[in-house]
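Each chain, written out:
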Amino acid sequence: CMFPAHRVFKILGSAGFLGVNKPIEYGGLGLDFSYSLAVAEELGNIRCGGIPMAIGVQSDMATPALTRFGSDELKKEFLQPTISGDKVACLGVSEVGAGSDVASIKTKAVRNGDDLIINGGKMWTTNGTQADWMCLLANTSEGPPHRNKSLICLPMKLPGIHIARKIDKIGMRSSDTAEIFFEDVRVPYKNIIGQEGMGFMYQMLQFQEERLWGVANCLTMMENVIQETIDYTRQRKIFQQPILHHQAVHFRLAELQTEVELLRSLLYCTTAMYIRGNDVTKQASMAKLKAGRLAREVPDSCLQFWGGMGFCSDVMVSRFYRDFRVLSIGAGADEVMLSIICKYMNTLPKK
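- Going by the annotation in an unreviewed UniProt entry, the name recorded for the chain is Zgc:85777, with Scleropages formosus given as the source organism.
- Reading the Cofactor (unreviewed entry) entry of the UniProt record for the chain gives the comment "FAD".

So, in structure tokens, the structure goes:
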């Protein structure tokens with residue numbers, strides 16, 4: 001099953017939640033990015049990972065580059081209805097042969113008069129089967145891989161766009177994730193966001209907000225899992241006393257709560273630097289790395305204390321165990337985060 005994106009996004013859009021840090025003239029609230037993260041944290045109270053992730057794609061992953069670099073015409077056509085919840089957005093970066101290695105994408109957009117003709121395909125596209133438009137990264141020239149790409153606003157109802165399948169995932173099951181093929185898809189050249197050839201750089205900037213959003217969203221989830229585990233282990237008895245009263249249990253929960261608080265501090269510190277205009281690539285990568293690992297460690301440790309109940313699919317701890325495994329993979333895998341951190345530490349071997 002799949003959640004109804006248009007219905008949910010229209011409600012959120014009407015309440016102002018899809019454009020918190022977007023300009024007022026396009027229907028946004030005009031606040032800084034820290035307010036977007038406050039919303040992301042609050043969305044962590046939804047009892048699944050799939051719907052918050054889909055909302056995040058709409059509000060903070062498919063739109064930052066368009067907001068910063070797009071023409072007024074593009075913003076009116078794509079950003080405004082995305083903020084209002086009338087159009088569902090998706091992000092087309094990953095491909096079958098290029099996930100975290102973004103420079104290796106093969107999808108091409110070749111100029112033909114006033115148009116671009118797109119051929120290729122995208123993989124693991126959140127909101128992909130329901131989207132009205134895609135923020136598409138494609139190669140627009142033959143140049144070096146970091147300077148030959150452009151971000152393009154692509155309406156999803158055009159001839160030649162084939163939604164191949166809705167991918168069956170181990171977690172995030174309510175969120176539709178699509179494999180999409182492009183066959184001679186014609187889109188106006190003016191649909192390029194900002195400058196042609198700057199797409200890779202724009203996407204790297206866009207990733208910063210996506211990664212910080214993911215960190216904020218999983219913080220609340222981890223706190224809720226810890227609290228539900230406290231509640232369950234307090235009333236479930238083993239060897240004549242509550243599970244919680246065993247030192248191994250309450251000490252472990254204290255350790256996990258400490259880790260969550262440390263991650264929150266890193267997120268808030270990084271966000272404060274970011275909204276002042278600093279380059280936070282290193283700190284954002286550290287936060288994303290830590291979040292991905294902690295979002296595996298917290299549900300795993302907590303699930304153990306639920307015993308047989310933890311292995312049932314109808315309790316929250318097992319759902320988060322499945323759903324948040326993707327945080328170490330999506331938006332740049334842990335290993336890519338480590339490489340970025342090493343680059344800033346000047347410890348990466350030269351090629």
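## Observations regarding the packing of helix α7 (residues 247-275) against helix α8 (residues 281-305)
Here comes step 1: For the pair α7 and α8, the least separation of the axes is 10 Å and the interaxial angle reads 160 degrees. Between α7 and α8, the angle falls in the class roughly antiparallel. Both α7 and α8 take part in a crossing whose hand is left-handed. Between α7 and α8, the residues in contact are Ala248, Val249, Arg252, Leu253, Leu256, Glu259, Val260, Leu263, Leu266, Thr270 and Met273 and Gln283, Ala284, Met286, Ala287, Lys290, Ala291, Leu294, Glu297, Val298, Ser301, Cys302 and Phe305, respectively.

## Section: helix α9 (residues 316-323)
Here comes step 1: Residues Met316, Val317, Ser318, Phe320 and Asp323 constitute the buried set of α9.
Here comes step 2: Contacts made by the buried residues of α9 are with α3 (50-61), α6 (199-235) and α8.

## Thoughts on helix α10 (residues 334-345)
Here comes step 1: Across its 12 residues, α10 extends 16 Å between first and last C-alpha, which sits within 8% of the 16 Å expected from 1.5 Å per residue.
Here comes step 2: Taken together, the buried positions of α10 are occupied by Asp334, Met337, Ile340 and Ile341. Across the axial projection of α10, the buried residues extend over an arc of 120 degrees, all falling on one side. In α10, those exposed residues whose orientation departs by more than 90 degrees from the buried face are Glu335 and Lys343.
Here comes step 3: On its buried side, α10 packs onto α6 and α8.

## With respect to the pattern of salt bridges
Side chains that differ in charge, positive against negative, can pair when their charged atoms come close.
Here comes step 1: In total, this model carries 17 salt bridges according to the counting rule given.
Here comes step 2: As a salt-bridge pair, Arg47 and Glu228 come within 2.7 Å of each other at their nearest N and O atoms. A residue pair is termed long-range when its members are at least 10 positions apart, and Arg47 in the loop between α2 (33-43) and α3 and Glu228 in helix α6 qualify at 181 residues.
Here comes step 3: Taking relative accessible area as the criterion, Arg47 reaches 45% and is therefore assigned partly exposed.
Here comes step 4: The residue Lys290 makes a salt bridge to Glu259 at a minimum N-O spacing of 2.7 Å. Residue Lys290 is found in helix α8, and its partner Glu259 is found in helix α7; the two are separated by 31 residues along the sequence.
Here comes step 5: Through salt bridges that share partners, Glu41, Glu223, Glu261 and Arg264 make up one connected network.

## Some remarks on the UniProt feature "domain: Acyl-CoA dehydrogenase/oxidase N-terminal" (unreviewed entry) in the chain
Here comes step 1: UniProt tags residues 3-86 as "domain: Acyl-CoA dehydrogenase/oxidase N-terminal" (unreviewed entry).
Here comes step 2: A helix fraction of 62% and a strand fraction of 0% characterise residues 3-86, whose end C-alpha atoms lie 16 Å from each other.

## A short note on the nonpolar core
Here comes step 1: Phe9, Leu154, Phe182, Met222, Leu253 and Val298 are the most contacted members of the largest nonpolar core, which has 96 residues in total.
Here comes step 2: Considering every element that reaches this core, the biggest residue donor is α6, with 15 residues.
Here comes step 3: Dropping the residues within four chain positions of it, Phe9 is found in contact with Phe3, Leu18, Ala54, Ile55, Gln58, Ser84, Gly85, Val88 and Asn127.

Reading the values: the criteria
Residues numbered from 1 in each chain as written. Predicted model: local features only at pLDDT ≥ 70, side-chain atom pairs only at ≥ 80, totals over all residues. Heavy atoms only, no water. UniProt positions renumbered as here; feature names shortened; annotations may be inferred. Axes fitted to C-alpha atoms, helices over the stretch in contact; angles between N-to-C directions. Helix = DSSP H or I, 4+ residues; strand = E, 2+ residues; numbered from the N terminus. Parallel < 35°, antiparallel > 145°, perpendicular 65-115°, else oblique. Left-handed = near helix turned anticlockwise from the far one by under 90°. Contact = heavy atoms within 4.5 Å. Buried < 20%, exposed > 50% of the residue type's maximum accessible area, 1.4 Å probe, protein only. Expected span 1.5 Å × (residues − 1). Arc of directions from axis to C-beta. Salt bridge = Lys/Arg side-chain N within 4 Å of Asp/Glu carboxyl O. Core = buried A, V, L, I, M, F, W, Y, C linked by side-chain atoms within 4.5 Å.

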